[in-house]
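# Summary of the model geometry
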Amino acid sequence: MDTTSRVGAQMPAAEGAQQLASAWRTADGYLRAPFPWYGLDDAFTGPRWLMQVGMAADGAVEHGSIGHGDEPTVRGEAGSAGEPREKFAVVVTVAAHPSRRSADGTGLLEATSVSSAAWLAGVGLLSFTWPGQMDHTLRDDWLDQQTETAWALADDLEGPEWSKLSLPVDGAAASFYYRESQFGWVLAGTTEAGVHLGAYGRGMSAYGLGFSVIKDVAAYA
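Attention in this report is confined to the structure presented alongside it. (Residues numbered from 1 in each chain as written. Predicted model: local features only at pLDDT ≥ 70, side-chain atom pairs only at ≥ 80, totals over all residues. Heavy atoms only, no water.)

Quick look at the overall build of the protein now. When you go through the protein residue by residue, the secondary structure sums to 5 helices and 13 strands. By residue count, 53% of the 221 residues in the protein fall in the buried class. Taking the intrachain contacts of the protein between residues at least 6 apart in sequence as the baseline, contacts between residues at least 24 apart amount to 63%. Counting every atom, the protein has about 10200 Å² of accessible surface; 51% of that belongs to carbon and sulfur. (Helix = DSSP H or I, 4+ residues; strand = E, 2+ residues; numbered from the N terminus. Buried < 20%, exposed > 50% of the residue type's maximum accessible area, 1.4 Å probe, protein only. Contact = heavy atoms within 4.5 Å. Areas by Shrake-Rupley, 256 points an atom, 1.4 Å probe, with all protein chains shown as cover.)

Ranked by internal contacts, the top residues of the largest apolar core, which has 61 residues, are Leu187, Tyr200 and Phe211. Counting residues per element, this core draws most heavily on helix α4 (residues 114–126), which supplies 9 residues. (Core = buried A, V, L, I, M, F, W, Y, C linked by side-chain atoms within 4.5 Å.)

Turning our eyes to something else, we now look at the side chain of His196. Note that His196 resides in strand β12 (residues 195–202). Within polar-contact distance, the side chain of His196 engages the side chain of Thr190 at 2.9 Å. The residues contacting His196, other than those within four sequence positions of it, are Val92, Thr93, Val94, Ala95, Ala96, Thr112, Ser113, Val114, Ala117, Gly189 and Thr190. (Polar contact = N/O pair within 3.5 Å; in protein donor to acceptor, adjacent residues only side chain to side chain.)

Running from N to C, α4 and helix α5 (residues 139–154) point in directions that differ by 155 degrees, and their axes come no closer than 9 Å. Comparing their axes, α5 and α4 come out roughly antiparallel. At the point where α4 passes α5, the crossing takes the right-handed sense. Contact residues: Ser115, Ala118, Trp119, Gly122, Val123 and Leu126 in α4; Arg139, Trp142, Leu143, Gln146, Thr147, Ala150, Trp151 and Ala154 in α5. (Axes fitted to C-alpha atoms, helices over the stretch in contact; angles between N-to-C directions. Parallel < 35°, antiparallel > 145°, perpendicular 65-115°, else oblique. Left-handed = near helix turned anticlockwise from the far one by under 90°.)

This part covers a negative patch on the surface. A surface patch of like charges, here negative, comprises Asp155, Asp156, Glu158 and Glu161. Topologically, Glu161 is positioned in the loop between α5 and β9 (163–169). (Patch = residues over 30% accessible without salt bridge, like charges linked within 9 Å, V, L, I, M, F, W, Y side chains within 5 Å. Salt bridge = Lys/Arg side-chain N within 4 Å of Asp/Glu carboxyl O. Lys, Arg positive; Asp, Glu negative; His and termini not counted. Charge placed at Lys NZ, Arg CZ, Asp CG, Glu CD.)

What follows concerns the pattern of salt bridges. Side-chain pairs of opposite charge can arise whenever the charged atoms involved come near each other. A complete count under the given rule lists 1 salt bridge for this structure. When the shortest N-O distance is used, the salt bridge between Glu86 and Arg202 registers 3.2 Å. With Glu86 in the loop between β4 (75–76) and β5 (88–95) and Arg202 in strand β12, this residue pair connects regions lying 116 residues apart in the sequence. With relative accessibility at 9%, the residue Glu86 sits in the buried group. When its relative accessible area of 4% is taken as the criterion, Arg202 is described as buried.

Before going further, it helps to examine α4. Relative to the 18 Å expected for 13 residues at 1.5 Å per residue, α4 spans 19 Å between its end C-alpha atoms, a close match to the ideal helical length. Counted residue by residue, α4 has 13 buried out of 13 residues, so it is predominantly covered. Measuring from the backbone nitrogen of Ser115 back to the side-chain oxygen at the start of α4 gives 3.2 Å, which picks out Ser113 as the cap. (Expected span 1.5 Å × (residues − 1).)

In short, the description is geometric, and any link to function would need to be established separately.
Following this line, the structure appears as structure tokens:
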């Protein structure tokens with residue numbers, strides 16, 4: 001599919017889960033982006049927090065994530081016995097662009113698409129989940145398998161695993177691809193503002209969400 005390289009698009013989920021704590025709260029990368037960032041609209045009144053940005057090989061900001069609700073921790077899909085699952089939604093903004101030369105002229109950057117947002121959202125959800133019955137030593141193999149599955153699903157948005165969902169973006173109805181799993185939900189769509197949107201979460205219903213441009217991303221730091 002036309003998307004950013006999986007090597008550079010996002011760190012492996014297991015590694016990312018360990019490093020996110022130090023990456024969160026930093027607004028520098030977000031402020032360098034030449035495109036608008038999206039989050040949940042004003043109907044959501046809970047906590048909001050920065051996560052991390054992804055960059056191309058030439059250092060250009062390509063995508064990033066904004067969290068809403070409870071800050072997730074890596075845990076089994078059912079959580080600990082008697083412990084409620086966290087409620088969160090993460091919005092992924094991906095710069096929409098065609099295939100193009102890198103800024104230094106040394107390579108070709110692949111095009112991004114709605115599938116790019118769908119894959120990043122799918123892998124993002126995996127970053128905070130693993131089957132509760134699985135030994136930690138087997139988690140890397142499980143993540144590799146599930147990441148490939150997320151890639152295949154993102155490459156087939158018209159397939160049976162996806163349904164259509166209409167949600168507001170900047171106050172106007174927009175169409176999204178949507179799927180659920182035992183780990184949570186994932187959706188992806190596009191905007192008229194030059195970006196694609198992905199989102200993932202659990203414990204919060206996707207059906208009541210809306211998205212809008214973030215006016216001051218630095219305020220989330």
